[in-house]
Amino acid sequence: MAWKLGQDSFTVCRVKWIDGKKGTFYSYDWVHRFSKQRDREKGIRGLRKLIAEWGARAEIAGIFENDGKKTKPFEYYEYGTKIY
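Residues numbered from 1 in each chain as written. Predicted model: local features only at pLDDT ≥ 70, side-chain atom pairs only at ≥ 80, totals over all residues. Heavy atoms only, no water.

**Student:** Please explain the overall build of the protein as it appears in this structure.
**Tutor:** Summing up its helical and strand segments, the protein has two helices and five strands in all. For the protein, the sequential pattern of α-helices and β-strands runs α-β-β-α-β-β-β. In terms of its C-alpha atoms, the protein occupies a principal-axis envelope of roughly 40 × 25 × 25 Å. At a minimum sequence separation of 6, the contacts of the protein that also span at least 24 residues come to 46%. A total accessible area of about 5700 Å² is found for the protein, and carbon and sulfur atoms account for 53% of it. Mean positive and mean negative side-chain charge positions of the protein (18 and 11 charges, respectively) differ by 4 Å. (Helix = DSSP H or I, 4+ residues; strand = E, 2+ residues; numbered from the N terminus. Contact = heavy atoms within 4.5 Å. Areas by Shrake-Rupley, 256 points an atom, 1.4 Å probe, with all protein chains shown as cover. Lys, Arg positive; Asp, Glu negative; His and termini not counted. Charge placed at Lys NZ, Arg CZ, Asp CG, Glu CD.)

Given below as structure tokens:
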């Protein structure tokens, strides 16, 4: 059985761009879709890389636990700069 991106990812990144658009991106925590294990750090590295590529175009970006709740992010970025 293959992994499902939205329900099986450990973390999620929510972004608001300067033009007002919003986006949600899920971490990719496994090597391939039939992997037996997931690696949380691999997924977080991928989300950090995306935020670094967006840079100043992303007004606000936060990395959250993927538990279905909008809680406080454990990493928060403004204009590509990490705040906490």
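Once you've had a look at it, read on.
**Student:** Explain the pattern of salt bridges here, please?
**Tutor:** Two side chains carrying opposite charge are able to pair once their charged atoms lie near each other. In the structure shown here, the tally under the stated rule is three salt bridges. Across the salt bridge formed by E75 and R48, the nearest N and O atoms sit 2.4 Å from each other. With a gap of 27 residues between them, E75 in strand β4 (residues 75–78) and R48 in helix α2 (residues 40–54) connect regions that are remote in the sequence. Assessed through its relative accessible area of 33%, R48 is described here as partly exposed. The salt bridge involving E75 is made with K82; its shortest N-O contact spans 3.8 Å. By relative accessible area, which is 4% here, E75 ends up buried. Judged by relative accessible area, K82 falls into the partly exposed class, the value being 46%. Members of the salt-bridge network, linked through shared partners, are R48, E75 and K82. (Salt bridge = Lys/Arg side-chain N within 4 Å of Asp/Glu carboxyl O. Buried < 20%, exposed > 50% of the residue type's maximum accessible area, 1.4 Å probe, protein only.)

Geometry only, nothing functional implied.
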